[in-house]
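Examining the three-dimensional arrangement
As a plain string of letters, each chain reads:
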Amino acid sequence: MAIDAGLGAIGFLVARILFGGLLAFQGLNHFQNVGAMSGYAQSKGVPAARASVLFSGGMLIFGGLGIVLGVFPAIAAGAIAVFLLVTTPMMHDFWAVPEDQQQDEMTSFIKNVELLGASVVFLALSSEAWAYALGIGLGL
């Protein structure tokens, strides 16, 4: 199965740009708002909150751009999946927050689970040929 021609290739490129581009943007946001995000992470009990925010921002940028560009997509999608597996239950623990915060945290939790599903799809397709990709690390 190759996604390397026709409308499927264009649709897959659009999906890569939307998914990876927005994740890379979120990673950039980690660096631009490191103070506020570190405070929030610390309030959630994240050890070494500032370093964790910076590291996770790097994972999001690397993973997002890797998916957009088709560069080491297995590693890129894996980085996104690991990020989401770790941060989703830790940062969006809707079951453990006051009632007035539960809906916001549940919405973020569900969004992250959806993104995790998408990252697994990109991981599953990482060994296939991707049209409009740099192709570095494809077919591992």
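In case you missed it, the structure is sitting above this.
Cut-offs and rules
- Residues numbered from 1 in each chain as written.
- Predicted model: local features only at pLDDT ≥ 70, side-chain atom pairs only at ≥ 80, totals over all residues.
- Heavy atoms only, no water.
- Helix = DSSP H or I, 4+ residues; strand = E, 2+ residues; numbered from the N terminus.
- Contact = heavy atoms within 4.5 Å.
- Core = buried A, V, L, I, M, F, W, Y, C linked by side-chain atoms within 4.5 Å.
- Buried < 20%, exposed > 50% of the residue type's maximum accessible area, 1.4 Å probe, protein only.

**Some details on the side chain of Asn 112**
Inspection of the secondary structure puts Asn 112 in helix H5 (residues 99-124). Once residues within four sequence positions are removed from consideration, Asn 112 is found in contact with Leu 84, Thr 87, Thr 88 and His 92.

**Looking at the nonpolar core**
Across soluble globular proteins, nonpolar side chains show a tendency to be buried alongside one another. If you look at the biggest cluster of nonpolar residues, it comprises 18 residues, and the most contacted ones within it are Phe 19, Leu 23, Ile 67, Ile 80, Leu 84 and Phe 122. At the level of secondary structure, the elements contributing two or more residues to this core comprise helix H1 (6-32), helix H3 (49-69), helix H4 (73-91) and H5. In this structure Phe 19 touches Ile 67, Ile 80, Leu 115, Ala 118, Ser 119 and Phe 122, once residues within four positions along its chain are discounted. Counting six residues, the second-largest nonpolar core is a separate cluster that includes Val 34, Ala 41, Val 53 and Met 91.

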